[in-house]
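Chain by chain, the residues:
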Amino acid sequence: MVGSAVVRALEQAGAAQILTRTRDQLDLERQEQVDDFFASERPEVVVFAAGRVGGIQANQAFPADFMVRNLAMAIHSIDAAFRFGVQRMLYLGSTCIYPRDAEQPIRESALLTGPLEPTNEAYALAKIAGLKLCQYYRRQFGVAFHSAMPTNLYGPGDNYHPEHSHVLPGLLQRFHWAKQAHLPTVELWGTGQPRREFLHVDDLADAILHLLSFSEFPDWVNVGTGEDVSIRELAEMIAEVVGYHGAIVPNPSKPDGTPVKRTDTSLMRSLGWRAGIPLREGIQRTYETYISELETATIRR
Ligand code: GFB
């Protein structure tokens, strides 16, 4: 999802030569394949948008998988980028790297100041390691390796796995099919009280190109909207976009996860960037893409 958005933004910006590789073409968990790629292609700039990702249920179910695969991809890619002379590398993580009880909105300085959210600790530790690797390569070797930590993302190309997706695509899909089947109720995992911030992936791509235009940049920066909604408010917004009019029933036996996760956007604003796609409009656009992905059987799960 993120990689495709970055490619769209680069094409619009008229970038010279964009090199991409699907997971089938290049397994970042295999060091020899990563070295071969960097040795043969010698990219000048690398945006690392790869990851073994998923929603709260996937993170709880597969902690070893999330940690080992994200660590392997980060170590192989960052070290090969250094050894093969990449001039600029931007590594992408997530704002779940911050402590569960970080002061809100979350500033970059909150990193490693407290315990992590247990439901996605494995993924968070792997992404913290990637961020720190870029910081240490920059400090030790002077290379321009840095990171961006986006908030919860959504948009075209999202993953719609019924159990393992993130909340926004999970609910979009569930309300769509509930409407088709005229179901009287739709289940919401958890209490619906946690608050989340959602950034459209095209806004993130815009922020990434903006960051790459600077010769001076922070080791890591949060990328978000600075505005959050409760999961219940999100569900009501999605139901309205989809046109579902049944009842939304919370299921408190499912995990809520982090109570609040809103980014402090002042550092990116100081670099002259702010998000531009309002959530309601972004959900509408994403639903339209979901319908077309259904029709063309290109839904990712
Ligand atoms: O996107 P999500 O799964 O992960 O959001 P996090 C979970 C919140 O939405 C919890 C509620 O409060 C869930 O109880 N929720 C309600 C649902 N209905 C659903 C549903 O149908 N599906 C899902 N998935 N949640 C993620 C991390 O945390 O944040 C990732 O797990 C990543 O690793 C991402 O960091 C940015 O927002 O809790």
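Numbers given to residues run from 1 along each chain, matching the order in which its sequence is written. In view of the model being predicted, local features appear only for residues whose pLDDT reaches at least 70, and side-chain atom pairs are presented and counted only at 80 or more, with totals across whole chains, interfaces and linings using the full set of residues. As a convention, hydrogens and water are excluded, and side-chain values are obtained from all of the structure's heavy atoms.

Engineer: For this particular structure, what's the right way to read the overall build of the protein?
Structural biologist: Helix and strand assignments follow DSSP, with helices taken as H or I runs no shorter than four residues and strands as E runs no shorter than two, numbered in order from the N terminus. Each helix and strand in the protein was counted, giving 10 helices and 11 strands. Taken over C-alpha atoms, the radius of gyration is set against a globule rule of 2.2 Å times the number of residues to the power 0.38. In summary, the protein has a C-alpha radius of gyration of 19 Å against a globular reference of 19 Å for 301 residues, a match within 12%. When its C-alpha atoms are laid out on the principal axes, the protein stretches across 60 × 45 × 40 Å. For each residue, the accessible area found with a 1.4 Å probe, counting protein chains only, is set against the maximum for its type, and the residue is called buried under 20%, exposed over 50%, and partly exposed in between. Each of the 301 residues in the protein was classed as buried or not, and the buried ones make up 48%. In what follows, residue pairs with any heavy atoms lying within 4.5 Å of each other are defined as contacts. For the protein, contacts bridging at least 24 residues in sequence account for 82% of all contacts bridging at least 6. Carbon together with sulfur atoms contributes 52% to the accessible area of the protein, which is approximately 13700 Å² in total. All accessibility values rest on the Shrake-Rupley procedure with a 1.4 Å probe; residue burial counts only the protein chains present in the view.

Engineer: Help me understand empty space enclosed by the protein in this model?
Structural biologist: Here the idea is plain: a probe the size of a water molecule rolls over the atoms and shows the empty space left. Cavities and pockets are found on a 1 Å grid laid over the protein atoms alone: a cavity is a set of points where a 1.4 Å probe fits but cannot escape, a pocket is an open set with protein on both sides within 12 Å along at least five of seven lines, and a lining residue has an atom within 4 Å of such a point. Grid points are joined across faces, edges and corners, and a volume is the space filled by probe spheres set on the points. Within the structure shown, the criterion is met by one cavity of 30 Å³ or more. In this model, the largest cavity occupies a volume close to 50 Å³. Lining of the largest cavity is provided by T95, C96, Y98, P99, R100, I106, E117, N120, T258, V260 and K261. Gly is put with the polar residues, along with every residue not named as nonpolar or charged; the nonpolar set is Ala, Val, Leu, Ile, Met, Phe, Trp, Tyr, Cys and Pro, and the charged set is Asp, Glu, Lys and Arg. Split by residue class, the lining of the largest cavity holds five nonpolar, three polar and three charged.

Engineer: How should the sheet that holds strand β6 (residues 195-196) be read in this particular structure?
Structural biologist: Either a parallel or an antiparallel arrangement is found when strands of a sheet pair, and the pairing is made through backbone hydrogen bonds. Strand pairing is assigned whenever DSSP detects at least two bridges linking the two strands. Taken in spatial order, the three strands line up as β9-β6-β11 in an open sheet, and their pairing is mixed. Two strands lie at the open edges of the sheet, namely β9 (229-230) and β11 (260-261), each paired on one side alone.

Engineer: Explain helix α4 (residues 63-83) to me, please; I cannot follow it from the model alone.
Structural biologist: In an α-helix there are 3.6 residues to a turn, and that puts residues three or four apart on one side. With 21 residues, α4 should cover 30 Å at 1.5 Å per step; its first-to-last C-alpha distance of 30 Å lies within 8% of that length. All buried positions along α4 are accounted for by F66, N70, A72, M73, A74, H76, S77, I78, A80 and A81. Looking at the packing, one finds that the buried side of α4 touches α2 (31-41), β1 (45-48), α3 (56-61), β2 (88-92), α5 (121-141) and β3 (144-150). Taken from the residues just after α4, G85 is the one with a positive phi, measuring 70 degrees. Expected span, for any helix, means 1.5 Å times one less than how many residues it has.

Engineer: Explanation requested: the site of the ligand in the structure shown.
Structural biologist: Being near a molecule or strand, for a residue, means having at least one of its heavy atoms within 4 Å of it. Near the ligand, the surroundings consist of 22 residues, among which N152, R174, R196, P255 and D256 are the closest. Pairing of N or O atoms within 3.5 Å defines a polar contact, subject to two protein rules: one partner must be a possible hydrogen donor and the other a possible acceptor, and residues neighboring in sequence count only if both atoms are side-chain atoms. Between the ligand and I56 there is a distance of 2.8 Å, counted from an oxygen atom to a backbone nitrogen or oxygen. A distance of 2.9 Å separates an oxygen atom of the ligand from a polar atom in the backbone of V167. Relative to its unbound accessible area of 710 Å², the ligand is 98% covered by the protein chains. Listed by contribution, the elements that provide at least two residues to the shell around the ligand are α3 and α6 (167-180). Counting residues per element, the shell around the ligand draws most heavily on α6, which supplies three residues. Looking at the shell around the ligand residue by residue, the classes come out as nine nonpolar, nine polar and four charged.

Engineer: Would you mind showing me how to read the pairing of β1 here?
Structural biologist: Successive residues of a regular strand alternate their side chains across the two faces of the sheet. The side-chain alternation of β1 yields one buried face, formed by V46 and F48, and one unburied face, formed by V45 and V47. In the sheet, β1 pairs with β2 via four bridges, with the strands oriented parallel. Across the sheet, residue V45 finds its bridge partner in β2, namely R88.

Engineer: Would you mind going over the layout of surface pockets with me for this structure?
Structural biologist: The computed volume of the second largest pocket comes to approximately 310 Å³. Contributing to the lining of the second largest pocket are 19 residues, with G224, T225, G226, E227 and A275 lying nearest its centre. Tallied by class, the residues present in the lining of the second largest pocket amount to eight nonpolar, five polar and six charged.

Engineer: What should I look at first to understand the sheet that holds β1 in this one?
Structural biologist: Spatially, four strands are ordered β1-β2-β3-β8 in an open sheet, and the strand pairing comes out parallel. The open sheet has two edge strands with one neighbour each: β1 and β8 (220-223). Ignoring strand direction, the axes of neighbouring strands in this sheet form an average angle of 20 degrees. A fitted line through C-alpha atoms represents every axis, and for helices the fit uses only the stretch in contact; the resulting angles, taken between N-to-C directions, go from 0 to 180 degrees. Each of β1, β2 and β3 is contacted by α4, which is oriented at about 170 degrees to β2, the strand it contacts most.

Engineer: Please explain the environment of F84 as it appears in this structure.
Structural biologist: You can see F84 is positioned in the loop between α4 and β2. Linking F84 and E108, residues 24 residues apart in sequence, is a C-alpha distance of 30 Å. Setting aside anything within four residues of it in sequence, one finds F84 in contact with D35, F38, A39 and R42.

Engineer: Would you take a moment to explain the packing of helix α8 (residues 231-242) against helix α10 (residues 279-295) for this structure?
Structural biologist: Close contact between α8 and α10 brings their axes to 10 Å; oriented N to C, the two are set at 50 degrees. Here α8 lies oblique to α10, going by the angle between them. Classified by chirality, the crossing of α10 by α8 is right-handed. Residues L234, M237, I238, E240, V241 and V242 of α8 form the contact with α10, whose own contacting residues are L279, R280, I283, Q284 and Y287. Grouping the amino acids of the contact of α8 with α10 by side-chain chemistry returns eight nonpolar, one polar and two charged. Should an angle fall under 35 degrees it is taken as roughly parallel, and over 145 as roughly antiparallel, whereas 65 to 115 is taken as roughly perpendicular and any remaining angle as oblique. Crossing handedness is defined as follows: a turn of the near helix away from the far one that is anticlockwise and smaller than a right angle gives a left-handed crossing, while the clockwise case is right-handed.

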